[in-house]
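Okay, here's what each chain looks like letter by letter:
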Protein chains: 2
Amino acid sequence: MRVTIRDVARAAGVSVSTASRALTGARPVGEQIAVRVRDAATALGYRQNRVASALRTQRTDTIGMVVPQISNPFYPVLVEAIERCLGDDNRQLLLCDAQRDATVESSRIHALADRQVDGLIVAPVSTVASAAALTAIAGEVPVVQVDRSVADTALDWVGVDDVAGLRLLTEHLAEVGARTAVLVGTVSESSAGRTRLAEFGPAAARHGLSTAEPLLGAYGVEWGVRAVDQLRARGALPDAIVCVNDEIALGVLQGLRAAGISVPGEVVVTGFDDNGFAALADPPLTTVRQPHQQIAAECLRLLDRPRGGPTRRIALAPSLIVRASTTLR
Amino acid sequence: MRVTIRDVARAAGVSVSTASRALTGARPVGEQIAVRVRDAATALGYRQNRVASALRTQRTDTIGMVVPQISNPFYPVLVEAIERCLGDDNRQLLLCDAQRDATVESSRIHALADRQVDGLIVAPVSTVASAAALTAIAGEVPVVQVDRSVADTALDWVGVDDVAGLRLLTEHLAEVGARTAVLVGTVSESSAGRTRLAEFGPAAARHGLSTAEPLLGAYGVEWGVRAVDQLRARGALPDAIVCVNDEIALGVLQGLRAAGISVPGEVVVTGFDDNGFAALADPPLTTVRQPHQQIAAECLRLLDRPRGGPTRRIALAPSLIVRASTTLR
DNA sequence: TTGTAAGCGTTATCAA
DNA sequence: TTGATAACGCTTACAA
């Protein structure tokens, strides 16, 4: 059998409650006794049963997280950042993958709630289909949305400031001499994609860039490759191709290379996220880096704050990473 | 208050135990009653408190996993595969990041064990420094090592068959006409790196490739870039550069490009893992794809099997993915 | 088949 | 300050 607090109490010659108090420090305990209990605990190799403790205290020291797809390289970095914050505090992360499916997502959200997580961090699969499960569960456990968010709901959200990101990008594009730009985005239900789509036009206009109709497709590299074909079919290329994320941009770069179009010579290309491979692309990709560590810290801060405050939407400032895909012409 | 099984029992007009039995199906229960209980449960929106259940049954339906660094793109894919297997079974994954530090790793392993996970999947940070914590915990909870493994211990392991991988690579290199090859590896304590280093020479010899002294450095893209400098300093380039993983290979490609050396024209390059960006490199990278889904399934199979069997080391066959970095000369 | 009651390992309440 | 005792919500002997 595993050694329980009863064994420790017996070895230290005190009651179970005293042992518990000495170990958790919940209430004051005699100097001598405290030492005796702690010694007994280490001698026996006692480690608290967190399940039993959780049942009693209603705290698991565990945060649940649901991501749309962990193999999307944006999320591992975010998970790492959150894990780092939690680790400092001796809490753990229960991670789930929604397989880009709102039904799976809902089941994962409930599974986590049933495990009594202290809080839930969710990057919703869909602005629409994710809403029901998310708002329902928010009545039971603190919820914060990250990166993406569902529509029409009073749930906290933390993410990057897309408006600022697009401003940085369009400003930079204007500086390197671009006059025309086109956006390559997604038709997906993800909110980040939507915001970037909505903000692109105004941001471009503000910096004197004229824009053509955006190209919208599915999330992923393949779409980027195909977008190049669609763009070429339109006739003359724009000066700049702005992609809503790095993966699409990597596809665009590949498509342009296949078509023998030089970057940044004939057209400049930008991404969004700085996903770790942007720097390795050929040419290295100019992109907007998300403040992962800040995003992580804000998520936890919101979860830990006392309930009942006003809904918060926290957009954190990104930074522009200039690389060769827009320079060295 | 949340609705408990007592509420369901009361609503259905039965005892708590009957309600429990009707819900879990642990023991037979009257036809009528079963229906009444289930109806009451759904009517009240009852969901089991898994913490309480776990305390009683000693099963959490939760698997713990510790990876050296989740932002290493090999792991998210593996995590995804494991998550998919678990999800089918209504189990969850408690994921921890060891921050490439054996001390952090040890603390995470204990945190997971304290949460009474049903099993532990660990990709050890170090062949040496990870051994103590891992063997110690294996006495409490089923443990399986994945990808990497510690030295001198009788713990199950599941991973890719490195010997087969190197055979595929060297065979292919011989076929495309390479006569000389050099390995770019790591001095790291990771077992995968070690095995690939040890197996490279024999595998190459078997296919008539002559090899020079391997280049060993730190894990990561940067090392690949620098390895190119070191290689050029040696004088004539080999026909083939074999990298122990894709990230190093991406660095090598970048270094070669910077030096104006054409791939595959002047030298061919291979990676290992097929990490999702290998296909996007310029040129697309020939590599060895790990059988993630199989590896995931085997890990869970080993964890779920009755205790006390012999130690197993399961090496699963990888597949060769041929791309332009070794062809189209 | 059903109900009663004990107990999983903790922590919180209440007296002493 | 300390100890006995009752929960936390569930499952499982044991009895009926």
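These numbers come from a predicted model, not from an experiment. (Residues numbered from 1 in each chain as written. Chains lettered and ligands numbered in written order. Predicted model: local features only at pLDDT ≥ 70, side-chain atom pairs only at ≥ 80, totals over all residues. Heavy atoms only, no water.)

Asks: What is the right way to look at the overall build of chain A in this model?
Replies: Along the backbone of chain A there are 12 helices and 13 strands. Over its C-alpha trace chain A gives a radius of gyration of 25 Å, far above what one expects of a compact globule, namely 20 Å for 329 residues. Along the three orthogonal principal directions, the C-alpha set of chain A runs to about 85 × 40 × 35 Å. When each of the 329 residues of chain A is scored for burial, the buried share is 56%. Partitioning the contacts of chain A with sequence separation of at least 6, the portion at a separation of at least 24 is 70%. Surface summary for chain A: the accessible area is close to 13400 Å², and the carbon and sulfur share equals 51%. Side chains of chain A give 34 positive and 35 negative charges; the mean places of these two sets differ by 7 Å. (Helix = DSSP H or I, 4+ residues; strand = E, 2+ residues; numbered from the N terminus. Rg over C-alpha atoms; globule rule 2.2 N^0.38 Å. Buried < 20%, exposed > 50% of the residue type's maximum accessible area, 1.4 Å probe, protein only. Contact = heavy atoms within 4.5 Å. Areas by Shrake-Rupley, 256 points an atom, 1.4 Å probe, with all protein chains shown as cover. Lys, Arg positive; Asp, Glu negative; His and termini not counted. Charge placed at Lys NZ, Arg CZ, Asp CG, Glu CD.)

Asks: Looking at this structure, I do not really get empty space enclosed by the protein. What am I missing?
Replies: In the structure shown here, the tally under the stated rule is 3 cavities of 30 Å³ or more. The computed volume of the largest cavity comes to approximately 230 Å³. In this structure, the largest cavity is lined by 15 residues; those nearest its centre are V51(A), R115(A), V51(B), T60(B) and R115(B). Only α4 (50–57) of chain A together with α4 (50–57) of chain B provide two or more residues apiece to the lining of the largest cavity. Classifying every residue of the lining of the largest cavity gives 7 nonpolar, 4 polar and 4 charged. Roughly 170 Å³ of volume is contained in the second largest cavity. In terms of lining residues, the second largest cavity is bounded by 16 residues, among which L280(A), A281(A), D282(A), L280(B) and A281(B) are the most central. (1 Å grid on protein atoms, 1.4 Å probe; cavity = no way out; pocket = protein on both sides within 12 Å on 5 of 7 lines; lining within 4 Å. Points joined across faces, edges and corners; volume = space filled by probe spheres on them. Nonpolar A, V, L, I, M, F, W, Y, C, P; charged D, E, K, R; others polar.)

Asks: Just to check I follow, could you spell out the domain arrangement of chain A for this structure?
Replies: Domain annotation of chain A identifies domain 1 (5–48), domain 2 (62–160 + 292–315) and domain 3 (162–290). Spacing between the C-alpha centres of domain 1 of chain A and domain 3 of chain A amounts to 62 Å. (Domains from an automatic or database assignment.)

Asks: Please explain the protein's contact with DNA strand C as it appears in this structure.
Replies: The environment of DNA strand C is formed by 27 residues, the closest being R56(A), S17(B), T18(B), G30(B) and R56(B). By atom count, sugar and phosphate contribute 60% of the portion of DNA strand C lying within 4 Å of the protein. Contact distances for DNA strand C include 3.3 Å between a phosphate oxygen and a backbone N or O atom of N49(A). Take G30(B): an N or O atom from its main chain is 2.4 Å from a phosphate oxygen of DNA strand C. For the surface near DNA strand C, the secondary-structure elements that each account for two or more residues are α2 (16–24) and α4 of chain A together with α2 (16–24) and α4 of chain B. The dominant element in the surface near DNA strand C, judged by the number of residues it contributes, is α2(A), at 5 residues. (Near = heavy atom within 4 Å. Polar contact = N/O pair within 3.5 Å; in protein donor to acceptor, adjacent residues only side chain to side chain.)

Asks: Explain the side chain of T62(B) here, please?
Replies: Here T62(B) is to be found in strand β1 (residues 62–67). Among the polar contacts made by the side chain of T62(B), one reaches the main-chain carbonyl oxygen of T60(B) at a distance of 3.0 Å. Beyond its immediate chain neighbours, meaning those up to four positions away, T62(B) contacts L94(A), R115(A), Q92(B), L94(B), V117(B), D118(B) and G119(B).

Asks: Explanation requested: the packing of helix α10 (residues 221–233) of chain B against helix α11 (residues 246–258) of chain B in the structure shown.
Replies: Residues and elements named next belong to chain B. It is at 6 Å that the axes of α10 and α11 come closest, and there the two elements cross at 40°. Judged by the angle between their axes, α10 and α11 are oblique. Considering the relative orientation of α10 and α11, their crossing is right-handed. Contacts between α10 and α11 involve V221, W223, G224, V225 and V228 on the former and, on the latter, E247, I248, G251, V252, Q254, G255 and L256. Classifying every residue of the contact of α10 with α11 gives 7 nonpolar, 4 polar and 1 charged. (Axes fitted to C-alpha atoms, helices over the stretch in contact; angles between N-to-C directions. Parallel < 35°, antiparallel > 145°, perpendicular 65-115°, else oblique. Left-handed = near helix turned anticlockwise from the far one by under 90°.)

Asks: Help me out: how do you make sense of the relation of the copies chain B and chain A in this one?
Replies: Two copies of the chain are present, and they differ by a rotation about an axis and a shift along that axis. Rotating chain B by 180° and translating it 0.1 Å along the rotation axis places it on chain A, where the RMSD comes to 0.2 Å. Such values leave the two copies arranged in the relation of a two-fold axis. Residue L94(B) of chain B places its C-alpha closer to the rotation axis than any other residue of that unit, at 2.2 Å. (Least-squares fit on C-alpha atoms with pLDDT ≥ 70 in both.)

Asks: What is the right way to read the environment of F200(A) from this model?
Replies: Residue and element names in this part refer to chain A. Relative to the elements of secondary structure, F200 occurs in helix α9 (residues 191–206). Taking the C-alpha atoms as reference, F200 lies 29 Å from A132; in sequence the two are 68 residues apart. Setting aside chain neighbours within four positions, we find F200 in contact with L166, A181, V182, L183, T211 and V242.

Asks: In this structure, what is going on with the side chain of D97(A)? I would like to understand it.
Replies: By secondary structure assignment, the location of D97(A) is in strand β2 (residues 92–97). At 6.6 Å, R84(B) is the nearest oppositely charged side chain to D97(A), a buried residue that forms no salt bridge. Looking at D97(A), its side chain comes within polar contact range of the main-chain nitrogen of Q99(A), at 2.6 Å. Residue contacts for D97(A): discarding those within four places in its chain leaves V67(A), P68(A), Q69(A), I70(A), V104(A), R108(A), E80(B) and E83(B). (Salt bridge = Lys/Arg side-chain N within 4 Å of Asp/Glu carboxyl O.)

Asks: Is there a simple way to think about the protein's contact with DNA strand D in this case?
Replies: Not every one of the 26 residues close to DNA strand D is listed here, only the nearest: T18(A), R21(A), G30(A), I5(B) and R56(B). Sugar and phosphate atoms constitute 62% of the interface atoms of DNA strand D, taking the interface as everything within 4 Å of the protein. One of the backbone N or O atoms of S15(A) is found 3.0 Å from a phosphate oxygen in DNA strand D. Looking at the surface near DNA strand D, the elements that each hand over two or more residues are α2 and α4 of chain A together with α2 and α4 of chain B. In terms of residue count, the dominant contributor to the surface near DNA strand D is α2(B) (5 residues).

Asks: What am I meant to see in unusual backbone geometry here?
Replies: Following V263(A), the chain continues to P264(A) via a peptide bond in cis, the omega torsion being 5°. Relative to the helices and strands, P264(A) is located in the loop between α11 (246–258) and β10 (268–270). A cis amide bond links D282(B) with the next residue in sequence, P283(B), at an omega value of -5°. As for its position among the elements, P283(B) is in the loop between β10 (268–270) and β11 (287–289). Phi angles above zero are rare outside glycine, and R100(A) is one such case at about 55°. Take R100(A): it is sitting in the loop between β2 and α6 (102–114). For R100(A), a relative accessible area of 47% corresponds to the partly exposed category.

Asks: Help me understand the packing of aromatic side chains, please; the structure alone is not making it clear to me.
Replies: Two numbers describe a pair of aromatic rings. These are the distance of the centres and the angle of the planes. Residues and elements named next belong to chain A. For the coordinates displayed, the defined rule picks out 3 aromatic pairs over all chains. Centre to centre, the rings of F74 and Y75 are 5.1 Å apart; their planes meet at 75°, and the pair counts as edge-to-face. With relative accessibility at 1%, the residue Y75 sits in the buried group. The ring of F272 is capped by R196, whose NZ or CZ atom sits 3.8 Å from the centre of that ring. (Phe/Tyr/Trp six-rings, centres within 6.5 Å; stacked < 30°, edge-to-face > 60°. Lys NZ or Arg CZ within 6 Å of the ring centre and 35° of its normal.)

Asks: Sorry, what's going on with the sheet that holds strand β5 (residues 156–160) of chain A here?
Replies: Sheet strands associate in pairs through backbone hydrogen bonding, adopting either a parallel or an antiparallel arrangement. As summarised here, the arrangement of the 12 strands in space is β12(A)-β5(A)-β4(A)-β3(A)-β1(A)-β2(A)-β2(B)-β1(B)-β3(B)-β4(B)-β5(B)-β12(B), forming an open sheet in which the pairing is mixed. The open sheet has two free edges, formed respectively by β12 (313–316) of chain A together with β12 (313–316) of chain B, since each of these has just one partner strand. Neighbour-to-neighbour, the strand axes of this sheet turn through a mean angle of 20°, independent of strand direction. As paired strands, strand β1 (residues 62–67) of chain A and strand β3 (residues 119–122) of chain A are joined by 4 bridges and run parallel to one another. Paired with I63(A) across the strands is G119(A), a residue of β3(A). Where helix α12 (residues 292–304) of chain A meets the sheet, it contacts β1, β3, β4 (143–146), β5 and β12 of chain A, and its direction lies at approximately 170° from that of β5(A). Of the strands in this sheet, β1, β3 (119–122), β4 (143–146), β5 (156–160) and β12 of chain B touch helix α12 (residues 292–304) of chain B, which is tilted by about 170° from β5(B). (Pairing = 2+ DSSP bridges.)

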